[in-house]
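# Topology and contacts: notes
Residues per chain, in single letters:
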Amino acid sequence: MTHHVILGAGPAGVIAAETIRKLSAQDSITVIGDEPEPSYSRMAIPYLLMGNIDERGTYLRKSPTHFEDLKIKVLQARVQSVQSAAKTIAFTSGETLAYDTLLIATGSHPVSPPIPGIQSEGVHTCWTLADARAIAERAMPGARVLQLGAGFIGCIIMEALTARGVHLSVVEMGDRMVPRMMGPTAGGMIRDWCESKGVEVFTGTRVESIEPGTPLNVKLSNGTTMQADLVISAAGVRPAIGFLEHSGITCLLGVLTDEHLQTNVPGVFAAGDCAEAFDKVSGKTMVSAIQPNAAEQARIAAANMVAFAQGRPAQADLNGVTQINVLDTLGLISASFGDWQGTPGCDHVELTDKASGRHLSLRFQDDVMVGCNAVGWTEHIGVMRGLVEGQIKLGAWKDKLMQDPTRLVEAYQASALGQGDWSGADARKR
């Protein structure tokens, strides 16, 4: 009987385990997580802090006997190392576990910036349920909260904090909010929106030190010293792959995989936020830390783990990984798809209406839209994703979009759905 071991009990690990069980009723499956709680979604933590759900609302599977019913063993343990040649895993407890196939789905961990005092009492990340409990204790109405970081995760946390009625200040070392998702115009519009909602925002600013105490004294690079009852560090995340250092498994930014989600070691696969897979739009490998990609990768990796164990060829391929970000910042919807910054020599068109809070930026390589940014253009989000992910050849519609980028729906219908050009003279002929 084959033993499939899954490192990581988040969305990717859970979906992979369930997929393996669907494909193989008899194989042994072990899921290993390092937190005491049942498997949960980190993306639900802001809703927990808002009071929209309780902790059970974050759980990925509601039945307490879900994994037992599927004959999936779940262990709480911390992995120290993987010996791929011996097909064993070593835990910090000193115990070991053998496997036949292995899935690395350990996700990400928060980055701890090198700031004096970052480990002080009252400074927290917002990544685990334990973090959420600690934040809830301090983020009471009227509390002074300073958030370090205004990236994607930071903006989601911001929504929860403002809902709790705190006095919120945000410090971002980049020159704009969400700098890895938005260009200068879009990032500036998100900042203006946040400030209009009562959030104090410092961009191009670093936290230089945090002095312990009640309150915390936070020194900024602009010369300001602020007092805070709570500091939240949302300075980004990195793949949790340190335990693979001497494993023989190739890692770059994440665990490097092929189109089957298999690593350089046969029988070892990776999925989710720790996996580095090929992006068909940019033509490069990348880590795309979003839950839809994690779910797709988990299903593909699981199918191929079963096939590998049975001596059959890989059963599923990853079509590609595209950067997909849709963000709600205090009610302002923004989106970023694909190579939104473009490449040298690519064509670019922008449309900005600051009065109505709308911005659109499209990037083209020849007649293919390879990336885009949008603020406030909610009606176009699905079409933008379809054009970028599908690498749709726009033909004459590329020039029409360069003239009027709002005609995305027409461009998609004409190019992707084969409905022809129903505008202008062409429509009148019909």
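Coordinates for the structure precede this section.
In short, a report on the structure. All figures in this text were calculated on a predicted structure; none of them were measured in a lab.

Thresholds applied
- Residues numbered from 1 in each chain as written.
- Predicted model: local features only at pLDDT ≥ 70, side-chain atom pairs only at ≥ 80, totals over all residues.
- Heavy atoms only, no water.
- Pairing = 2+ DSSP bridges.
- Helix = DSSP H or I, 4+ residues; strand = E, 2+ residues; numbered from the N terminus.
- Buried < 20%, exposed > 50% of the residue type's maximum accessible area, 1.4 Å probe, protein only.
- Contact = heavy atoms within 4.5 Å.
- Right-handed = clockwise from strand over helix to strand, strands pointing away.
- Expected span 1.5 Å × (residues − 1).
- Axes fitted to C-alpha atoms, helices over the stretch in contact; angles between N-to-C directions.
- Left-handed = near helix turned anticlockwise from the far one by under 90°.
- Nonpolar A, V, L, I, M, F, W, Y, C, P; charged D, E, K, R; others polar.
- Salt bridge = Lys/Arg side-chain N within 4 Å of Asp/Glu carboxyl O.
- Core = buried A, V, L, I, M, F, W, Y, C linked by side-chain atoms within 4.5 Å.

### What to know about the pairing of strand β22 (residues 324-329)
In terms of strand pairing, β22 meets strand β23 (residues 332-338) through six bridges, oriented antiparallel. From the neighbouring strand, Thr329 faces β23, where its bridge partner is Leu332. Taking the residues that link successive antiparallel strands as the turn, the β22-β23 hairpin has two residues, and the phi of Leu330 there is positive, at about 55 degrees.

### What about the side chain of His3?
Along the chain, His3 falls in strand β1 (residues 3-7). Residue His3 is classed as buried on the basis of its relative accessible area, which comes to 14%. Not counting chain neighbours up to four residues away, the residues in contact with His3 comprise Ser28, Ile29, Thr30, Leu97, Ala98, Tyr99, Asp100 and Thr101.

### Some details on the pairing of strand β11 (residues 167-172)
Burial within β11 is extensive, with five of its six residues counted as buried. Here strand β10 (residues 144-148) pairs with β11 via five bridges, running parallel. By the bridge assignment for β11, Arg144 is matched with His167. As paired elements, β11 and strand β12 (residues 200-203) share four bridges and run parallel to each other. The partner of Val170 across the bridge, within β12, is Val201. Each parallel crossover has a hand, and for β11 linked through helix α6 (residues 184-196) to β12 it is right-handed.

### A few points about helix α5 (residues 152-163)
If you check α5, its first and last C-alpha atoms are 18 Å apart, about what 12 residues at 1.5 Å a residue would give, namely 16 Å. Among the residues of α5, Gly154, Cys155, Ile156, Ile157, Met158, Ala160 and Leu161 are the ones counted as buried. One or two residues past the end of α5 sits Gly165, with phi positive at roughly 80 degrees.

### Concerning the packing of helix α1 (residues 11-23) against helix α7 (residues 291-309)
Look at α1 against α7: their axes get within 8 Å of each other, and the N-to-C directions meet at 35 degrees. Where α1 crosses over α7, the handedness of that crossing is right-handed. Together, Pro11, Ala12, Ile15, Ala16, Thr19, Ile20 and Leu23 of α1 and Gln291, Ala294, Ala295, Ala298, Arg299, Ala302, Ala303, Met305 and Val306 of α7 make up the contact between the two elements. Residue composition of the contact of α1 with α7, by class: 13 nonpolar, two polar and one charged.

### A look at the environment of Phe269
Take Phe269: it is sitting in strand β19 (residues 268-270). Sequence separation between Phe269 and Asp258 is 11 residues, and the spatial gap between their C-alpha atoms is 9.1 Å. Apart from residues no more than four positions distant in its own chain, Phe269 is found in contact with Leu102, Leu103, Ile104, His260, Leu261, Gln262, Thr263, Ala301, Asn304, Met305 and Phe308.

### What to know about the pattern of salt bridges
In total, this model carries 14 salt bridges according to the counting rule given. Between Glu208 and Arg206 there is a salt bridge, with its nearest N and O atoms 3.6 Å apart. Overall, the relative accessible area of 33% leaves Glu208 in the partly exposed class. Salt bridges linked by common partners bring Glu37, Glu55 and Arg133 together as one network.

### What about the nonpolar core?
Generally speaking, soluble globular proteins have nonpolar side chains that are buried together. Core analysis: the biggest nonpolar cluster contains 39 residues, and Met158, Leu161 and Met177 have the highest contact counts within it. Going through the elements one at a time, α2 (45-50), α4 (129-138), α5, β11, α6 and β16 (230-233) are the ones with two or more residues in this core. With six residues, α5 is the single largest residue contributor to this core. With sequence-adjacent residues up to four places away left out, Leu161 is seen in contact with Ile135, Ala139, Val145, Gln147, Val166, Leu168 and Ile232.

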